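One letter stands for each residue in the lines below.
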Amino acid sequence: MHKKHMVFELGELFCGPGGLAFGASQAKIETKDAVYSISHKWANDYDEDTCATYRRNIYPDKPEIVICDDVRELDLLSLPKVNAFAYGFPCNDFSLVGKQKGFQGEFGPLYTYGLTILDHSKPEFFIAENVGGIASANNGLAFKKILNDLQEAGRGYNLTAHLYKCEEYGVPQFRHRIIIVGIDKGLGLVYKVPAPTTVQKYITAREAIENPPISPDAPNSDKTTQSAIVVERLKHTKPGQNAWTANLPDHLKLNVKGAKLSQIYRRLHPDRPSYTLTGSGGGGTHGYHWSEPRALTNRERARIQSFPDDFIFEGSKESVRRQIGMAVPPKMSVEIFKAVLKTFAGIDYPSVKANINIETDLFEEELLQKVAV
């Protein structure tokens, strides 16, 4: 007997280099009479290098599905209709690293372009991803409006919103993100948050980078030439310490007034997951090896983000660093998409209660505090 194939055709806005998409492509669920999977219909981002990375790794045989254009210039209603949709709407103005301008910022309203797709295509499900800081932006009012708008888009959606800790799902990095899953209300299905898989046994930075060893000719492995003073500063910094907690001689101390970001010249601790790697920031923010006095290579960063070694990033070294830092970790993505497919397939799976209550707008206390971004 031939199995029935249930293929969801996925559209993506703000697709980035393909972390979310790679997870989607790896997710496949089989029942005794059906196979559930995801195929990409189109994807959009505005950055040329990011689009080139996505084309190369996600659909090299269908490069035309990647539309490289500013979403504000795009004719969204001309895009082919899809029955699945994903978007990691830009987090710049919601991130706790920034000033939390929220809806007044340049990037705040960009989530509304996803609403246009939901109203136009009315997909059976969608996934929206953003940083934890969005919960407290504009005193929480921004997030409440976003949730309300997503609930009412299309034919109406049952939402499940949760602050995921990526380190609890096999990602060797303390990285916290809010992910909202919506399923068409008319289907009578409700997505449940998949239970963590590595909460008792985090994957460490050492395991991620050294097991197996990275091949010397692996792509995106160029090392940064550090200045003599940076090398000296790092030699005085123990694993897990940063420029403020290390016992530095006076000539190596940084003369910084105001906020002192904890990731400045911060070395990874080999026996813990990495701290959150970011895609932006100047000197001192690049992530530093625990034993060698240098910044991480992009391939090491990619390992920490759970990208496989044959996932090749396009562009300059700094462009690649930015792409990696802004991506959704594929290991996190595949857990989400597999749970969605199981929901549609009627397969039960271990789950936990969502830590964001959509109905009462009550968030667990940690959501309103500073979370790792």
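Here the structure is a predicted model, which means the values were calculated and not measured. (Residues numbered from 1 in each chain as written. Predicted model: local features only at pLDDT ≥ 70, side-chain atom pairs only at ≥ 80, totals over all residues. Heavy atoms only, no water.)

Looking at the overall build of the chain
Heads up, the rule is: Numbering of helices and strands runs from the N terminus, with a helix taken as a DSSP run of H or I at least four residues long and a strand as a DSSP run of E at least two residues long. Here the term buried applies to any residue with accessible area under 20% of the maximum for its type, exposed to any over 50%, and partly exposed to those in between, with areas from a 1.4 Å probe on protein chains only. Throughout, a residue-residue contact means that at least one pair of heavy atoms, one from each residue, lies within 4.5 Å. Where accessible areas are quoted, they stem from the Shrake-Rupley method and a 1.4 Å probe; at the residue level, only the protein chains shown are allowed to cover.
Scanning the chain from terminus to terminus reveals nine helices and twelve strands. A total of 373 residues make up the chain; the buried ones form 54% of that total. Considering only residue pairs separated by 6 or more positions, the chain has 73% of its internal contacts joining residues 24 or more positions apart. Here the chain has roughly 16,600 Å² of accessible surface; of this, 49% comes from carbon and sulfur atoms.

Here we look at the packing of helix H1 (residues 19-26) against helix H9 (residues 330-345)
Where we set the bar: Simply put, an axis is a line fit to the C-alpha atoms, just over the touching stretch for a helix, and the angle between two N-to-C directions goes from 0 to 180 degrees. Roughly parallel here means an angle under 35 degrees, roughly antiparallel means over 145, roughly perpendicular means 65 to 115, and every remaining angle is called oblique. Helix crossings get a hand from a simple test, with the near helix turned counterclockwise from the far one by less than a right angle marking a left-handed crossing and a clockwise turn marking a right-handed one. Classification used: nonpolar for Ala, Val, Leu, Ile, Met, Phe, Trp, Tyr, Cys and Pro, charged for Asp, Glu, Lys and Arg, polar for all others including Gly.
Where H1 meets H9, the axes come as close as 7 Å, and the angle between the chain directions of the two elements is 50 degrees. When the axes of H1 and H9 are compared, the pair comes out oblique. As for the relative orientation of H1 and H9, their crossing is right-handed in sense. Contact residues: H1 offers Gly19, Leu20, Phe22, Gly23, Ala24 and Gln26, while H9 offers Pro330, Ser333, Val334 and Phe337. Partitioning the contact of H1 with H9 into residue classes produces six nonpolar, four polar and no charged.

Some details on the pairing of strand S8 (residues 176-184)
Counted only if it meets this: We call two strands paired when DSSP finds no fewer than two bridges between them.
Across the nine residues of S8, nine count as buried, placing the element largely inside the fold. Side-chain alternation along S8 places His176, Ile178, Ile180, Gly182 and Asp184 on one buried face and Arg177, Ile179, Val181 and Ile183 on a second face that is also buried. As paired strands, strand S7 (residues 157-165) and S8 are joined by nine bridges and run antiparallel to one another. Considered in S8, the bridge of Leu163 is made with Ile178.

Some words on the packing of aromatic side chains
Rules: Whether two aromatic rings pair depends on their centres lying within 6.5 Å, for rings of Phe, Tyr and Trp, where Trp uses its six-membered ring; planes under 30 degrees apart make the pair stacked, over 60 edge-to-face, and the rest tilted. For a lysine, the NZ atom is tested; for an arginine, the CZ atom; a charge sits over a ring if that atom is within 6 Å of the ring centre and within 35 degrees of the ring normal.
A full pass over the atoms with the stated rule returns 14 aromatic pairs. Measuring from centroid to centroid gives 5.1 Å for Phe126 and Tyr157, while their planes differ by 85 degrees, and the two rings are edge-to-face. One end of the pair, Phe126, is in strand S6 (residues 125-131); the other, Tyr157, is in strand S7, with 31 residues separating them in the sequence. Residue Phe126 is classed as buried on the basis of its relative accessible area, which comes to 0%. Ring pairs connect the aromatic residues Phe14, Trp42, Phe85 and Tyr87, which therefore count as one cluster. Lys62 extends its terminal NZ or CZ atom over the ring of Tyr59, reaching a point 4.6 Å from the ring centre. Lys192 extends its terminal NZ or CZ atom over the ring of Tyr349, reaching a point 5.6 Å from the ring centre.

Structural notes on the side chain of Ser333
Here is the rule: Pairing of N or O atoms within 3.5 Å defines a polar contact, subject to two protein rules: one partner must be a possible hydrogen donor and the other a possible acceptor, and residues neighboring in sequence count only if both atoms are side-chain atoms.
Looking at the element boundaries, Ser333 is found in helix H9. Side-chain polar atoms of Ser333 contact the backbone oxygen of Leu20, separated by 2.8 Å. The contacts of Ser333, once residues within four sequence positions are left out, are Gly19, Leu20, Gly23, Ala24 and Val328.

Re the pairing of strand S1 (residues 4-13)
Two elements, S1 and strand S3 (residues 34-45), share nine bridges in a ladder whose sense is parallel. Counted as the bridge partner of Lys4 is Ala34 from S3. In terms of strand pairing, S1 meets strand S5 (residues 84-87) through four bridges, oriented parallel. Counted as the bridge partner of Leu10 is Ala84 from S5.

Concerning the packing of helix H2 (residues 48-57) against helix H8 (residues 317-326)
Running from N to C, H2 and H8 point in directions that differ by 70 degrees, and their axes come no closer than 10 Å. The angle between H2 and H8 falls in the class roughly perpendicular. Every pair of crossing elements has a handedness; the one defined by H2 and H8 is right-handed. Here Asp49, Thr50 and Thr53 of H2 come into contact with H8, specifically with Ser319, Arg322 and Gln323. Across the contact of H2 with H8, the residue classes break down as no nonpolar, four polar and two charged.

Comments concerning the pattern of salt bridges
Put simply, the test is: A carboxyl oxygen of Asp or Glu within 4 Å of a side-chain nitrogen of Lys or Arg is what we treat as a salt bridge.
In the structure shown here, the tally under the stated rule is 17 salt bridges. Notably, a salt bridge pairs Asp348 with Lys192, separated by 2.7 Å at the nearest N-O pair. Of the two residues, Asp348 sits in the loop between H9 and strand S10 (351-352) while Lys192 sits in the loop between S8 and strand S9 (193-194), which places them 156 residues apart along the sequence. Classification of Lys192 as partly exposed rests on a relative accessible area of 34%. With a shortest N-O distance of 3.7 Å, Lys201 and Glu207 are connected by a salt bridge. Using a relative accessible area of 52% as the deciding quantity, one classes Lys201 as exposed. Residues participating in the shared-partner salt-bridge network are Lys223, Glu292, Arg294 and Glu300.

Section: the environment of Glu335
Mapped onto the fold, Glu335 is located in helix H9. Along the sequence, Glu335 and Ala27 sit 308 residues apart, while their C-alpha atoms lie 7.9 Å from each other. Residue contacts for Glu335: discarding those within four places in its chain leaves Tyr169, Pro194 and Thr197.

Considerations on the confidence of the model for the chain
Rule in force here: Residue-level confidence of the predictor is summarised by pLDDT, bounded by 0 at the bottom and 100 at the top.
With 89% of its residues at a pLDDT of 70 or more, the chain has an overall mean of 90. Note that residues 95-100 has pLDDT below 50 and, in this model, 16 contacts with residues that lie over four places away or in other chains. In this model, residues 369-373 is a region of pLDDT below 50 whose contacts with residues beyond four sequence positions or in other chains number 19 contacts.

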